[in-house]
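Residue-level structure breakdown
For reference, the chains in residue letters:
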Amino acid sequence: MKSISPNYAKEVMARYGLSTKKHLGQNFLIDNNTIKKIVSVGDLKEDETVVEIGPGLGAMTGYLAEQAGQVVCVELDRELVPVLNEVLAEFENVTIVQGDALKTDFDRLVQDFGTVPYKVVANLPYYISTPLVMHLLTTGFDVKKLVLMVQKEVAQRMAAQPGTPEYGSLTVAVQYFCDCKVKFIVPPTVFVPKPAVESAVVELNLQPQPTVEVADREFFFQVVRAAFNKRRKTLSNALANSPLKLDKTDVQDILVGMGLDNQVRGERLSIHQFAALTNQLER
Ligand SMILES: C[S@@+](CC[C@H](N)C(=O)[O-])C[C@H]1O[C@@H](n2cnc3c(N)ncnc32)[C@H](O)[C@@H]1O
């Protein structure tokens, strides 16, 4: 693969008369080292399929194509599709699909163009990174690894520990399904245009079984969301005043039975404790 020059994004945009679309989160990578580091976290094998969400101008796609068996890209911006087909013409194992990643059935897409289980490697559009992660985790049953560049704060929320300000619904969802590691921080200088914030690359390895056993997954996530929607309240108040309308005394009794203070806030509970609580609660 010939290296991407620092002027790659500007040259391609000038050649095709394009300008960046801020509302689509278009910050294009222009640094070979960063791209190689992201791709190496993917640990791609030549018989594997990798999905790239938002290939942009294709700066990372060629590197993925050299390592994986098949690369399937989903790009929302229609203007970029012919550009990608041209700049990636030398790679026969790349498929570009125009569409909204939030509405994409990734398992189905890979069944059509690749092989399962698959990996996802992406520099995500930051304006939708949290819903996209949730969409991938809850609908991607055949995905085994996600390597995602996101805003640094979002990465910290995914990997957070209980009792910290970063710990929240996203943490619980990610750690319920995955082993999560923040791999490295990425400065704004490696993008065109430069984003206002720092970024980070996270590695999420999907676990064969969820990390905790819950009797009713939907209820578990409803309880978690309710706990963090009112995170300054005690957990029993937050759950009693949520749409779940749980009995405050029941919640407190279960918390005490678990060895916790009955005035504890949800942000103090580990994922295991959330699971134990919901398994004992009546819907
Ligand atoms: C941060 S840029 C990354 C571009 C490229 N991967 C790179 O690293 O240079 C995000 C890309 O996602 C695309 N995008 C934005 N919203 C999207 C969506 N809902 N579905 C698919 N792609 C989207 C943007 O058009 C843009 O190309």
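Residues numbered from 1 in each chain as written. Predicted model: local features only at pLDDT ≥ 70, side-chain atom pairs only at ≥ 80, totals over all residues. Heavy atoms only, no water.

This part is about the overall build of the protein chain. When you go through the protein chain residue by residue, the secondary structure sums to twelve helices and nine strands. The C-alpha radius of gyration of the protein chain comes to 21 Å, within 12% of the 19 Å expected for a compact globule of 283 residues. Over its C-alpha atoms, taken along the principal directions, the protein chain stretches across nearly 65 × 35 × 30 Å. Across the 283 residues that make up the protein chain, the buried fraction comes to 53%. Taking the intrachain contacts of the protein chain between residues at least 6 apart in sequence as the baseline, contacts between residues at least 24 apart amount to 67%. Each charge class in the protein chain can be summarised by its mean position, and for the 30 positive and 33 negative side chains these summaries are 7 Å apart. (Helix = DSSP H or I, 4+ residues; strand = E, 2+ residues; numbered from the N terminus. Rg over C-alpha atoms; globule rule 2.2 N^0.38 Å. Buried < 20%, exposed > 50% of the residue type's maximum accessible area, 1.4 Å probe, protein only. Contact = heavy atoms within 4.5 Å. Lys, Arg positive; Asp, Glu negative; His and termini not counted. Charge placed at Lys NZ, Arg CZ, Asp CG, Glu CD.)

This next bit is on the UniProt feature "domain: Ribosomal RNA adenine methylase transferase N-terminal" (unreviewed entry) in the protein chain. As recorded in UniProt, the feature "domain: Ribosomal RNA adenine methylase transferase N-terminal" (unreviewed entry) lies at residues 34–208. As annotated, residues 34–208 has a helix share of 34% and a strand share of 29%, and its two end C-alpha atoms lie 30 Å apart. (UniProt positions renumbered as here; feature names shortened; annotations may be inferred.)

All right, on to the pattern of salt bridges then. For the structure shown, the criterion picks out 13 salt bridges. The salt bridge involving E48 is made with K119; its shortest N-O contact spans 3.0 Å. With a gap of 71 residues between them, E48 in the loop between α2 (32–42) and β2 (49–53) and K119 in strand β5 (residues 118–123) connect regions that are remote in the sequence. One salt bridge connects R265 with E267, and the closest N-O pair in it is separated by 3.7 Å. For R265, a relative accessible area of 30% translates into the label partly exposed. Residues participating in the shared-partner salt-bridge network are R231, R232, R265 and E267. (Salt bridge = Lys/Arg side-chain N within 4 Å of Asp/Glu carboxyl O.)

Turning to the domain arrangement of the protein chain, a few remarks are in order. According to the domain assignment, the protein chain contains domain 1 (6–206) and domain 2 (217–281). Taking only C-alpha atoms into account, the centre of domain 1 sits 34 Å from that of domain 2. At the junction of the two partners, domain 1 supplies 13 residues and domain 2 supplies 14 residues. For domain 1, the biggest contributors to the area lost against domain 2 are Y167, V172 and Y176; these three give 47% of the whole. In this assembly, domain 1 and domain 2 are joined by zero salt bridges. Here the residues of the side of domain 1 that touches domain 2 are counted per class, giving seven nonpolar, six polar and no charged. (Domains from an automatic or database assignment. Buried area = accessible area lost by both parts, 1.4 Å probe. Nonpolar A, V, L, I, M, F, W, Y, C, P; charged D, E, K, R; others polar.)

Taken together, 23 residues are adjacent to the ligand, and G54, E75, D100, N123 and Y127 come closest. Contact distances for the ligand include 3.5 Å between a nitrogen atom and a backbone N or O atom of P55. Alone, the ligand offers 600 Å² of accessible surface; in the complex the protein occludes 99% of this. Looking at the shell around the ligand, the elements that each hand over two or more residues are β1 (28–29) and β3 (70–75). (Near = heavy atom within 4 Å. Polar contact = N/O pair within 3.5 Å; in protein donor to acceptor, adjacent residues only side chain to side chain. Areas by Shrake-Rupley, 256 points an atom, 1.4 Å probe, with all protein chains shown as cover.)

Among the secondary structure elements, D77 is positioned in the loop between β3 and α4 (80–87). Owing to a relative accessible area of 6%, D77 belongs among the buried residues under this scheme. Within the local environment of D77, its side chain forms a polar contact with the backbone nitrogen of E79, the two atoms lying 3.1 Å apart. Apart from residues lying up to four places away in sequence, D77 is in contact with K21, L24 and Q26.

Further remarks concern unusual backbone geometry. Residue P117 is reached from V116 by a cis peptide bond, and omega for that bond is -10°. By secondary structure assignment, the location of P117 is in the loop between α5 (106–113) and β5. Between V192 and the following residue, P193, the backbone shows a cis peptide bond with an omega angle of -15°. Within the fold, P193 resides in the loop between β8 (191–192) and β9 (199–206). Positioned with a positive phi, D43 is a non-glycine residue whose angle comes to about 50°. Note on placement: D43 falls in the loop between α2 and β2. Judged by relative accessible area, which is 43%, D43 ranks as partly exposed. You will see that K245, though not glycine, has its phi angle at about 45°, which is positive. Mapped onto the fold, K245 is located in the loop between α10 (235–240) and α11 (248–257).

Relative orientation of the contacting elements helix α6 (residues 129–139) and helix α8 (residues 169–177) amounts to 30°, with a least axis distance of 11 Å. Of the possible angle classes, the one that applies to α6 and α8 is roughly parallel. Regarding α6 and α8, the two cross each other, and that crossing is left-handed. Residue-level contacts link T130, V133, M134, L137 and T138 of α6 to L170, A173, V174 and F177 of α8. Looking at the contact of α6 with α8 residue by residue, the class counts come to seven nonpolar, two polar and no charged. (Axes fitted to C-alpha atoms, helices over the stretch in contact; angles between N-to-C directions. Parallel < 35°, antiparallel > 145°, perpendicular 65-115°, else oblique. Left-handed = near helix turned anticlockwise from the far one by under 90°.)

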